[in-house]
Amino acid sequence: MNKLFAVIKKEYKTIVKKKSFIIMTILTPVLMAGMMVVPVLLMKVDRSDKKIAVADYAGGYIQALSAGPAKKGAKPKGKLDMDAMNEMPELPGRISFHPVQLGGRDAAGLLREYEQKVLKKEIDGLLLIPADVKSRRQVSYYSTSISDFTTLNFIESTLRTAISRQLLLERQIDPAVVDEATREISMETFKVKKEGTTKSDSGMDYMMSLFMIIILFMILINYGQIIMRGVLEEKTSRISELLISSARATHIFYGKLLGIGLAGLTQVALWILLAVILVSRFSGMVDAAILSFLTPEIAFYFVIFFILGFFIYAIPYAFIGAAVNTDQEAQQFASVLSVLIIVPYILGISALQNPNSTLTLVASLFPLFTPILMFMRITTAVPPLWQILASIGLCVLTIWGLAWLGAKIFRVGMLMYGKKPSLGEMLRWVRYK
Amino acid sequence: MSEWALSLHDLVKDFDGKRAVDHISFTVKRGEILGLLGPNGAGKTTTIRMVMDIIAPDAGRVEILGEGLSEKVKDRIGFLPEERGLYRKLKVMDTLLFFGELKGMKAAAARERGRRLLEQFQLAGYEEKKVEELSKGMAQKLQFITTILHDPELLILDEPFSGLDPLNIELIQGIILERRRKGTTIIYSTHLMEYAEKTVDSLVMIDQGRKVLDGTLAAVKAEYGRKFIRLQYEGDARFVAGLPYVRSSRDSGREMEIELEDLSKREQLLRDLLGRVTVNGFQLSEPSLQNIFIRKVREGAGA
Ligand SMILES: Nc1ncnc2c1ncn2[C@@H]1O[C@H](COP(=O)(O)OP(=O)(O)O)[C@@H](O)[C@H]1O
Ligand SMILES: [Mg+2]
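Since the structure is predicted, the reported quantities are computational estimates derived from the model, not experimental observations.

Student: Please set out the interface of chain B and chain A residue by residue, giving values where relevant.
Tutor: At the junction of the two partners, chain B supplies 27 residues and chain A supplies 28 residues. Of all residues in chain B, Glu71, Tyr87 and Leu102 of chain B give up the largest surface area on contact with chain A, accounting jointly for 25% of the area buried on that side. Across the chain B-chain A interface, the total number found is six salt bridges. Put simply, Asp94 of chain B and Lys17 of chain A hold a salt bridge, and the shortest N to O gap is 3.7 Å. In this assembly, chain B and chain A are joined by 13 residue pairs in polar contact (both at pLDDT 80 or more). Contributing elements (two or more residues each) for the side of chain B that touches chain A: helix 2 (71-74) and helix 3 (92-102) of chain B.

What follows is the structure, encoded as structure tokens:
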């Protein structure tokens, strides 16, 4: 047992001390944070400042427009700056309204002058508020782009509120009641699941799911390759002879798997820790949908499926390292194996759209696909618990079988030099004591 | 406790139908140095790999330190494989710690003994260097240190001198002798027989997988040794080969190695030589192990 620990310790230390490990550990959450913040920033940049000229024949509406719509009701909970972010989509970028000096001109004359200004991009648009707006409820907007619904909605709802207020106030209604009556309404979207309904934003969900699976996919391949190269190094440098003549092959093999697996787990744990720190430090800049996506439950399943995926893929990678003789051969076999890892990933992309189809269900119970597919399903539409448990159970059984087989192939393959083993030979290795 | 540190019984190993080791048996006494000698490809490494349970023999069995090669027994053996290899990215001290622990040592003990050995091998100060930063000779020395770090009772060294410069060969030979004085049993293989001559107590010679000779160095030399005469001469000495008491001769033009049927015939030979050739030198000689080996192989081929 002490020898097993000696191997675990050495493998673990070797990886954790590597520069690439430290860089990846720090860089990935930073990239992740970037991925979360960039869309929000993009939205900001996209809503460039707008200059709108307002020809206010009715009078008094320009002030209402500059003030914006009435405040929404106070949200039940949540941090203050998070609220500010939540209102972002409702707020039109920075729109500045500029009163037009009417000087007795009529609407048609004004229009001729301002059409030129719009075309020359001196202003983004002209808003005509006729004198009888209160009764006719009709305004006109002239612009080169009239598909900017955020801006249009903003103008519409602001004017509607302003007119309502005016009408009510004219009738001597208590201003407090007027405020109450004209308050804005906001709408949140919710996803209905068997396990319970959660607030969510479908677009962001999809992105986050895809993103976490890419990370899972990357680390599984990364750690698989680390094992493969490690085994191959021991084989080509003949350290294997020293190892086998000092300790049991099973101890060396399992020690290696566990040591490298622990290093991977350390990295995942550090990521989660860093993510928690980043999100809580900069929660103001993170989209609410992301915050609601990154639950402890997701983190828990990420760790579980990383562990399962690690063993399911690492053992075949170790086979390759033990069976081949050169880096080139190893890479050839490894690329075949990465295709096997890509399959659930591709299946998963369709699964994201249709997470409850039969194909997705069956594929996600297939142990080689489970780590990626089942995790993907969990991130999109939580499957029934029995399916999750069944998939984990099948994975554990598979790992058990692979580990048994792996130790044997490792024992013989590590000491087989020179020629490429045939499939028949590999089968014979399994029977070797 | 049996008298034998190691005994091999009828070991056989085939590679793709070719016999690499052909019914080899021998025993190694506790506390002695045994040389496993033979040219390249004779089967030395294959034999040692079977002893270390790195490959399984097709037939035969090995008894080591009184039992089979269990986990416990592995801790009492130091093994230097023919093809050296250490983790290139691992630091020197970490390398010693790892292999020490793999041999059942406590980390503190491995560190302590590792320090002392590094000093003895002039590697002090390299503890924190990576193995890949060492010169080839240094890495060889480090490998040797990992072999003896846990103070094994039995040392099995496959070609311990290959790739070393004369100074380091001397160093390793010194260590081997020092360990023998402390009671360690040592087996080493080499194709360089002149090194074996200086250190071994007994030897096993193998050729093409077969054992051709074994015994203590003294016995082997006694058997072959005293029947040789080394003659330096001028003139035509071809007649020597025809003399009835001469068993064999090897003429190199100015020097001849003559094997007599019986050592008592040496005065007769000298008398026969005088007057027919100019004798510049005439000594009893011990043939080198190399010579013995060549003779043995020839005999085998002739028989
Ligand atoms: N793994 C192997 N596969 C095939 N042939 C081998 C293998 N190892 C050794 N041999 C063959 O066995 C014979 C003995 O080799 P070896 O034991 O390495 O000799 P030595 O160590 O005395 O130089 C050689 O002919 C060699 O080619
Ligand atoms: Mg050899």
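We are not done yet, so read on.
Student: Any details on the packing of helix 16 (residues 370-380) of chain A against helix 17 (residues 385-413) of chain A? Residues and values, ideally.
Tutor: All names here are of chain A. Viewed as axis vectors pointing N to C, helix 16 and helix 17 meet at an angle of 165°, and their least axial separation amounts to 11 Å. It follows from the interaxial angle that helix 16 and helix 17 lie roughly antiparallel. Every pair of crossing elements has a handedness; the one defined by helix 16 and helix 17 is left-handed. Packed against helix 16, whose contacting residues are Thr370, Pro371, Met374, Arg377 and Ile378, the element helix 17 presents Gln387, Ile388, Ser391 and Cys395 at the interface.

Student: I'd like a description of the site of ligand 1, backed by residues and values.
Tutor: Residues and elements named next belong to chain B. What surrounds ligand 1 is the set Phe15, Lys18, Ala20, Pro39, Asn40, Gly41, Ala42, Gly43, Lys44, Thr45 and Thr46. A distance of 2.8 Å separates an oxygen atom of ligand 1 from a polar atom in the backbone of Lys44. Residue Thr46 places a side-chain N or O atom 2.5 Å away from an oxygen atom belonging to ligand 1. Protein coverage of the free-state accessible area of ligand 1, which is 560 Å², stands at 68%. Secondary structure elements with two or more residues in the shell around ligand 1: strand 2 (18-29) and helix 1 (44-51). Here the residues of the shell around ligand 1 sort into four nonpolar, five polar and two charged.

Student: Outline the domain arrangement of chain B, supporting the account with residue identities and numerical values.
Tutor: Residue and element names in this part refer to chain B. Annotation of chain B at the domain level lists domain 1 (4-216) and domain 2 (226-301). The distance between the C-alpha centroids of domain 1 and domain 2 comes to 39 Å. Residue-level contacts link twelve residues of domain 1 with eight residues of domain 2. Counting across the interface, domain 1 meets domain 2 through zero salt bridges. Our count for the domain 1 to domain 2 interface comes out at one residue pair in polar contact (both at pLDDT 80 or more). Counting only elements with at least two residues in the side of domain 1 that touches domain 2, the list comes to helix 7 (193-199), strand 8 (202-207) and strand 9 (210-216). For the side of domain 1 that touches domain 2, the element with the most residues is strand 8, which contributes four residues.

Student: Quick one: what's the story with the coordination of the magnesium ion (ligand 2), residue by residue and with numbers?
Tutor: Residues and elements named next belong to chain B. Within the first shell, the magnesium ion (ligand 2) binds the protein through Thr45 (OG1) and Glu82 (OE), at distances of 2.0 to 2.4 Å. Highlighted residues: Thr45 in helix 1 and Glu82 in the loop between strand 5 (77-80) and helix 3, separated in sequence by 37 residues. For Thr45, a relative accessible area of 14% puts it in the buried group.

Student: Go over the pattern of salt bridges, please, and point to the residues and values.
Tutor: Under the definition given, this model contains 36 salt bridges over all chains. In this structure, Asp75 of chain B engages Lys3 of chain A in a salt bridge whose closest nitrogen and oxygen atoms are separated by 2.6 Å. With one member in each of two chains, Asp75 of chain B in the loop between helix 2 and strand 5 and Lys3 of chain A in helix 1 (residues 2-16) form a pair that bridges those chains. Residues Lys211 of chain B and Asp214 of chain B are paired through a salt bridge, measuring 3.0 Å at the closest nitrogen-oxygen approach. In this structure, a network of salt bridges that share partners links the residues Lys10, Glu11, Glu234 and Lys256 of chain A.

Student: Go over the sheet that holds strand 2 of chain B, please, and point to the residues and values.
Tutor: All names here are of chain B. Pairing within the open sheet is antiparallel, and its three strands lie in the order 2-1-4. The outermost strands of the open sheet, each flanked by one partner alone, are strand 2 and strand 4 (59-64). Between one strand axis and the next, the sheet turns through 15° on average, direction left out of account. Bridge count for strand 1 (residues 4-15) against strand 4 is five bridges, and the pairing is antiparallel. The residue bridging Leu8 from the neighbouring strand is Val62, located in strand 4.

What counts, and at which threshold
Throughout this description, residue numbers start from 1 for each chain and increase along the sequence as written. For naming, the first written chain is A and the first written ligand is 1, with later ones following in the order written. Note on the predicted model: pLDDT of at least 70 is required for a residue's local features to be given, and 80 or more for side-chain atom pairs to be given and counted; whole-chain, interface and lining totals, by contrast, use all residues. In computing side-chain values, all of the structure's heavy atoms are included and hydrogens and water are not. Pairs of residues are marked as contacts when any of their non-hydrogen atoms sit within 4.5 Å. Summed over both partners, buried area is the accessible surface (1.4 Å probe) that two parts give up on being assembled. The working definition used for a salt bridge is a side-chain nitrogen of Lys or Arg within 4 Å of a carboxyl oxygen of Asp or Glu. We call two N or O atoms a polar contact when they sit within 3.5 Å, provided that within protein one can donate a hydrogen and the other can accept it, with sequence-adjacent residues counted only if both atoms are side-chain atoms. Under the scheme used here, helices are H or I runs from DSSP no shorter than 4 residues and strands are E runs no shorter than 2 residues, and both carry numbers assigned from the N terminus. Orientation is described by axes fitted as lines to C-alpha atoms, over the contacting stretch for helices, and by angles from 0 to 180 degrees between their N-to-C directions. Each angle receives one of four descriptions, namely roughly parallel if under 35 degrees, roughly antiparallel if over 145, roughly perpendicular if within 65 to 115, and oblique otherwise. Helix crossings are classified by the rotation of the near helix relative to the far one: an anticlockwise turn of less than a right angle makes the crossing left-handed, while a clockwise turn makes it right-handed. Near, as used in this document, describes a residue that has one of its heavy atoms within 4 Å of the molecule or strand being considered. What sets the accessible areas is the Shrake-Rupley method with a 1.4 Å probe; for residues, cover comes only from the shown protein chains. Under the scheme applied here, ten amino acids are nonpolar (Ala, Val, Leu, Ile, Met, Phe, Trp, Tyr, Cys and Pro), four are charged (Asp, Glu, Lys and Arg), and all others, including Gly, are polar. Domain borders in the structure are assigned automatically or taken from a domain database. Because water is not among the atoms used, a metal site may look incomplete, as its donors are only the N, O and S atoms within 2.8 Å, or 3.2 Å for Na, K and Ca. A simple rule labels every residue: compare its accessible area, found with a 1.4 Å probe on the protein chains alone, to the largest value its type can have, and call it buried under 20%, exposed over 50%, or partly exposed in between. Pairing between strands requires that DSSP locate at least two bridges from one strand to the other.

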